[in-house]
Amino acid sequence: MYPYLRYTKSIVDAFITNKKAQPLAFDQVSEVTVRCSITDIDPMFEMNNGRVLTVYDIGRTDFIIRTGLAKQLLKRRWGMVVAGSTIQYRKRIRLFDKVTIKTQLVGMDKRWLYLEHSMWVKGNPCSSVLLRTGVTKGGKVIETAKVLEALGEKAWDTPTEPWIQDWIDSDKTHRWPPMG
């Protein structure tokens, strides 16, 4: 089941409780701390690999709220979509571990925002995921220039790291639909 209570708490924290939390520019890193709970684990008493992606939603939500994107989504009746992901697991997250989720924008093109999330326990990286995300209106992805304009952000001029660009380029040749 989706962790609605934990997710709601993260929204309340980002909007209300953490008013002292500084707003973020698109080039800054968001950090949120959660604890691996009994509902997150698999039979090996570690965070289930599918749950990792769900818990990353909490980090993404904090990033969206603190950058001001959430206000624009509500004001303009925009939505957000995840259109692709690739994940790496490197270290187990055990029951009751305190987990820091870091989220940052690592790239942008005409249509997509590329976000990287990572989970850390005791200062050690455990997993990371690269996401292709988009802002939508009426079910269609809108241009990132329009998103930046709504946020009062300047054009994205940070070069995309080669490994991210390789992932973006490889998706252009990925077979779709999948073999059936």
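Residues numbered from 1 in each chain as written. Predicted model: local features only at pLDDT ≥ 70, side-chain atom pairs only at ≥ 80, totals over all residues. Heavy atoms only, no water.

**Overview of the environment of Ala 145**
Stage number 1. For Ala 145, the position within the fold is in helix 4 (residues 144-151).
Stage number 2. The class for Ala 145 is partly exposed, based on a relative accessible area of 47%.
Stage number 3. Placed 35 residues apart in sequence, Ala 145 and Lys 110 show a C-alpha to C-alpha distance of 7.1 Å. (Helix = DSSP H or I, 4+ residues; strand = E, 2+ residues; numbered from the N terminus. Buried < 20%, exposed > 50% of the residue type's maximum accessible area, 1.4 Å probe, protein only.)

**Some details on a positive patch on the surface**
Stage number 1. Taken together, Lys 75, Arg 76, Arg 77, Lys 137 and Lys 146 make up a surface patch of like positive charges.
Stage number 2. With respect to the secondary-structure elements, Lys 75 resides in helix 3 (residues 69-76).
Stage number 3. Judged by relative accessible area, Lys 75 falls into the exposed class, the value being 63%. (Patch = residues over 30% accessible without salt bridge, like charges linked within 9 Å, V, L, I, M, F, W, Y side chains within 5 Å. Areas by Shrake-Rupley, 256 points an atom, 1.4 Å probe, with all protein chains shown as cover. Salt bridge = Lys/Arg side-chain N within 4 Å of Asp/Glu carboxyl O. Lys, Arg positive; Asp, Glu negative; His and termini not counted. Charge placed at Lys NZ, Arg CZ, Asp CG, Glu CD.)

**Here we look at the pattern of salt bridges**
Stage number 1. The full count for this structure, using the stated rule, is eight salt bridges.
Stage number 2. Across the salt bridge formed by Asp 40 and Arg 51, the nearest N and O atoms sit 3.3 Å from each other. Residue Asp 40 is located in the loop between strand 1 (30-35) and helix 2 (49-66), and its partner Arg 51 is located in helix 2; the two are separated by eleven residues in the primary sequence.
Stage number 3. Relative accessible area serves as the criterion here: at 0%, Asp 40 is assigned to the buried category.
Stage number 4. The buried category is assigned to Arg 51, whose relative accessible area is 11%.
Stage number 5. Residues Lys 172 and Asp 169 are paired through a salt bridge, measuring 3.6 Å at the closest nitrogen-oxygen approach.
Stage number 6. When its relative accessible area of 65% is taken as the criterion, Lys 172 is described as exposed.
Stage number 7. Here the salt bridges share partners, and the residues they tie into one network are Glu 46, Arg 92 and Arg 94.

**A short note on the side chain of His 117**
Stage number 1. By the element assignment, His 117 lies in strand 4 (residues 113-121).
Stage number 2. A residue is classified by how much of its surface remains accessible, and His 117, at 0% relative accessible area, is buried.
Stage number 3. Reaching out from His 117, the side chain makes a polar contact with the side chain of Arg 60 at a distance of 2.9 Å. (Polar contact = N/O pair within 3.5 Å; in protein donor to acceptor, adjacent residues only side chain to side chain.)

**Things to note about the packing of helix 3 against helix 4**
Stage number 1. One way to put it is that helix 3 packs onto helix 4 with a least axis distance of 10 Å and a crossing angle of 105 degrees. Taken together, the axes of helix 3 and helix 4 are roughly perpendicular relative to one another. Two secondary-structure elements touch here, helix 3 through Leu 69, Gln 72 and Arg 76 and helix 4 through Val 147, Ala 150 and Leu 151.
Stage number 2. Taken together, the residues of the contact of helix 3 with helix 4 break down into four nonpolar, one polar and one charged. (Axes fitted to C-alpha atoms, helices over the stretch in contact; angles between N-to-C directions. Parallel < 35°, antiparallel > 145°, perpendicular 65-115°, else oblique. Contact = heavy atoms within 4.5 Å. Nonpolar A, V, L, I, M, F, W, Y, C, P; charged D, E, K, R; others polar.)

**Here's the deal with the pairing of strand 3 (residues 98-108)**
Stage number 1. Of all the eleven residues making up strand 3, eight are buried; the element is thus mostly covered by neighbouring parts of the structure.
Stage number 2. Bridge analysis of strand 1 against strand 3 gives six bridges, and the strand direction is antiparallel. By the bridge assignment for strand 3, Val 34 is matched with Val 99.
Stage number 3. Counted between consecutive antiparallel strands, the loop separating strand 3 from strand 4 contains four residues. (Pairing = 2+ DSSP bridges.)

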